[in-house]
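# Structural characterization, general
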Amino acid sequence: DIPVKHSVVNVATPLSEEAAEEDAVALASVEELNEEERKKPLALIVDDNEDFVSFMRYTLSLYFRIESAGNGKIAWQMIAELMPDIIVCDVMMPEKDGIEMTRELRADMMTSHIPIILLTAKTTIESKLEGLEYGADDYITKPFSATYLQARVENLLIQRKKLQSFYRDSLMHINMAAVPEDLP
C-alpha cells in the first residue's frame, strides 16, 4: 500500500458590495424575527410521546415559543431556568407523572403561579378530580380539539396577566400610601 497524503486548501474570495449588503439585510431580518419570537409567551410541553410533542409544537408554535421535556423529572429540572408562561403536560409518563409534577410545582412558591393543563386518555371523573385537586388549572382528555386547547391556553394566560396586573397595582398603591407625604 502506498501512503496517501491529503491537503486542505482554504480559498477566500472577497464579497462584492452588493453581496455584502444582501447578507446584512438577511441578517437583520433574521434578528428581527428572533426578536418577535422572543416576545411570544413560553409553553413547556411535557410528554413522553415524541409524535404528540411534534403535534403540540405545530399546534401552538404560531402563538408560543415551545420547549419540551420527555417526562416530569426532566421538566422539573428545566422549569427553574425557563420559567415557562404555561405548562401543558401528559398525566401518564415514566419517572415522574403529570400529577406528581403538578403537586410539586404548586408546593414551590417560585413555580406555584404557572398555569398547568393536564392532558390524558384517562376519562374517569376520579382521574379528573385528582388532577384538579393537586392544582391543575384544567384537565383535558385525549383526543381533544386543537382549537379548544389553544383557547384554554390563551384564556389561562389572559387570566394570569389580569391577576398579575391587579396585584402589582395593589402593591404599588400600598407602597405609595406608606410613603410619608411631607418628605423633603
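Structure: above.
Conventions we followed
Residues numbered from 1 in each chain as written. Predicted model: local features only at pLDDT ≥ 70, side-chain atom pairs only at ≥ 80, totals over all residues. Heavy atoms only, no water. Helix = DSSP H or I, 4+ residues; strand = E, 2+ residues; numbered from the N terminus. Contact = heavy atoms within 4.5 Å. Buried < 20%, exposed > 50% of the residue type's maximum accessible area, 1.4 Å probe, protein only. Pairing = 2+ DSSP bridges. Axes fitted to C-alpha atoms, helices over the stretch in contact; angles between N-to-C directions. Right-handed = clockwise from strand over helix to strand, strands pointing away. Salt bridge = Lys/Arg side-chain N within 4 Å of Asp/Glu carboxyl O.

## Regarding the side chain of Lys96
- Mapped onto the secondary structure, Lys96 falls in the loop between strand S3 (86–90) and helix H4 (98–107).
- Excluding its chain neighbours within four sequence positions, the residues that come into contact with Lys96 are Asn71, Gly72, Lys73, Trp76, Met101 and Glu104.

## Looking at the side chain of Thr59
- The residue Thr59 is located in helix H2 (residues 50–60) in this model.
- You can call Thr59 buried: its relative accessible area is 8%.
- The contacts of Thr59, once residues within four sequence positions are left out, are Ala146 and Gln150.

## Re the sheet that holds strand S5 (residues 138–141)
- If you walk across this open sheet you meet the 5 strands as S2-S1-S3-S4-S5, and the pairing is parallel. Whereas interior strands pair on both sides, the edge strands pair on one side only; in this sheet they are strand S2 (65–69) and S5. Pairwise comparison of adjacent strand axes, ignoring direction, gives a mean angle of 20° for this sheet.
- Pairing analysis gives 4 bridges linking strand S4 (residues 116–120) to S5, with the strands arranged parallel. Of the residues in S5, the one forming a bridge with Ile117 is Asp138.
- Along the sheet, H2 contacts strand S1 (42–46), S2, S3 and S4; its crossing angle with S2, the most-contacted strand, is approximately 165°.
- Across the sheet, H4 is in contact with S1, S3 and S4; its angle to S4 comes to roughly 170°.

## Brief notes about the pairing of S1
- The buried fraction of S1 amounts to 5 of the 5 residues, a majority that puts the element mostly inside the structure.
- In this sheet, S2 lies alongside S1 in parallel orientation, the contact comprising 5 bridges. The residue bridging Leu42 from the neighbouring strand is Arg65, located in S2.
- The parallel pair S1 and S2 is bridged by H2, and the resulting crossover is right-handed.
- Both S1 and S3 contribute to a ladder of 4 bridges, which runs parallel. Within S3, the residue paired with Ala43 across the bridge is Ile86.

## Looking at the pattern of salt bridges
- Inspection of every chain in the model, using the stated rule, returns 7 salt bridges.
- The salt bridge partner of Asp47 is Lys142, with a shortest N-O separation of 3.5 Å. With a gap of 95 residues between them, Asp47 in the loop between S1 and H2 and Lys142 in the loop between S5 and helix H6 (146–178) connect regions that are remote in the sequence.
- A salt bridge links Lys96 to Glu104, with the nearest nitrogen and oxygen atoms 2.6 Å apart.
- Take Lys96: its relative accessible area is 10%, and that puts it in the buried class.

Interpretation note: all reported values are geometric properties and have no functional meaning in isolation.
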